[in-house]
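Chain by chain, the residues:
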Amino acid sequence: MLPEQPYSNAASRMRLSAVWVSESVRISQEARTHLLAFFGCVVFAVLITWPMVLSPTEGLIGHPGNDTWNHAWGMWWVHDGLANRGGLPTHTGLLNYPDGGSLFFIDTFNAIWTAPIQRLFGLPFAYNFAILMGVAWTAFGAWALAFYVLRDKAAASVAAVAFGCNAHLLGQTYNGITETVNAGWIPLFVLGLLKLVERPNWRRGIVLGLLFALCALSNFYYGLFCMLIGIVVLIHRGISDGRR
């Protein structure tokens, strides 16, 4: 049996180090690409909601005759409960006076994460910021999915613009229905599902579960859409595997 070469362990460590460095560089470049894409989606959202950015505290995005005021009031109500009543409000005496009644604001997701913003800058700013970030997040979700599938930045940008200004999204923005502007979780869920199906592991399973939970919490209907998409993808995968 030949003795182990003295340099073999060092060479192995160097190869592993090179692989680790290469993978770190790749992840860093990927993160930078996604960060720049998100910034571009924010700029796109500013253009879609123009000229709100010029006076974000002087009005609300949406038509005053639709659900704009209802959702703005709901965001204020949740913030008031968290800031002044010690928790998430589930009962109000401000409606159905004098008895009041149970109430759960349909867009509690946006109301919670924008509560600190509302406290600092006021309700109009928080409401408009929620709409702005909803449009940006929707466009970015489409970009991330398209980039993963196509590996082409230009094609992903086209997908971001197309999904970010689709008729449904613009209509819900105009109607003031803030929870339906959070459509970005749908393509991100599909992205997580594709990654899990291609290379299953427990980490990707946890990420997919978190994406589904966030999607369902932000909008119950979008969570239902993700369930239906997941069923279709899994059925297709099962049929494809059966034919091999």
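Summary of the structure given here. Residue positions within a chain follow its written sequence, with the count starting from 1. Given that this is a predicted model, residues contribute local features only at a pLDDT of at least 70 and side-chain atom pairs are listed and counted only at 80 or more, while totals for whole chains, interfaces and linings are drawn from all residues. Derived side-chain values reflect all non-hydrogen atoms in the structure, with water molecules and hydrogen atoms excluded from consideration.

We now examine the packing of aromatic side chains. When we look at a pair of aromatic rings, we describe it by the centre distance and by the angle of the planes. In summary, the pairing rule links any two rings of Phe, Tyr or Trp, Trp by its six-membered ring, whose centres are within 6.5 Å, and it sorts them by plane angle into stacked for under 30 degrees, edge-to-face for over 60 and tilted for everything else. Throughout the structure, instances matching the rule amount to 15 aromatic pairs. Taking the centre distance of 6.3 Å and the plane angle of 10° together, the rings of F140 and W143 count as stacked. One end of the pair is F140 and the other is W143, both in helix α5 (residues 123–150) and three residues apart, which spans about a single turn. For F140, a relative accessible area of 10% corresponds to the buried category. An angle of 10° between the planes, with centres 4.8 Å apart, marks the rings of W143 and F147 as stacked. Within this pair, W143 and its partner F147 are both found in helix α5, separated by four residues, close to a single helical turn. Three labels apply to residues, based on accessible area from a 1.4 Å probe with only protein chains included: buried if under 20% of the type maximum, exposed if over 50%, partly exposed otherwise in between. Residue W143 is classed as buried on the basis of its relative accessible area, which comes to 5%. Note on F147: relative accessible area 8%, which makes it buried. Here the aromatic cluster, defined as three or more aromatic residues joined through ring pairs, consists of F38, F109, W137, F140, W143, F147 and W185. In this text, helices come from DSSP runs of H or I with a minimum length of four residues, and strands from runs of E with a minimum of two, each type numbered from the N-terminal end.

In this section: the environment of V190. Among the secondary structure elements, V190 is positioned in helix α8 (residues 185–198). Contact definition: two residues touch when any of their heavy atoms are within 4.5 Å. Dropping the residues within four chain positions of it, V190 is found in contact with L145 and I229.

The subject of this paragraph is helix α2 (residues 68–84). Each turn of an α-helix holds 3.6 residues, which means side chains three or four residues apart point in the same direction. Over its 17 residues, α2 extends 24 Å from the first C-alpha to the last, a length consistent with the 24 Å expected when each residue adds 1.5 Å. Looking at α2, one finds that the buried residues are T68, H71, A72, G74, M75, W77, V78, H79, D80 and G81. G86 sits one or two positions beyond α2 and adopts a positive phi of about 80°. Multiply 1.5 Å by the residue count of a helix minus one, and that product is the helix's expected span.

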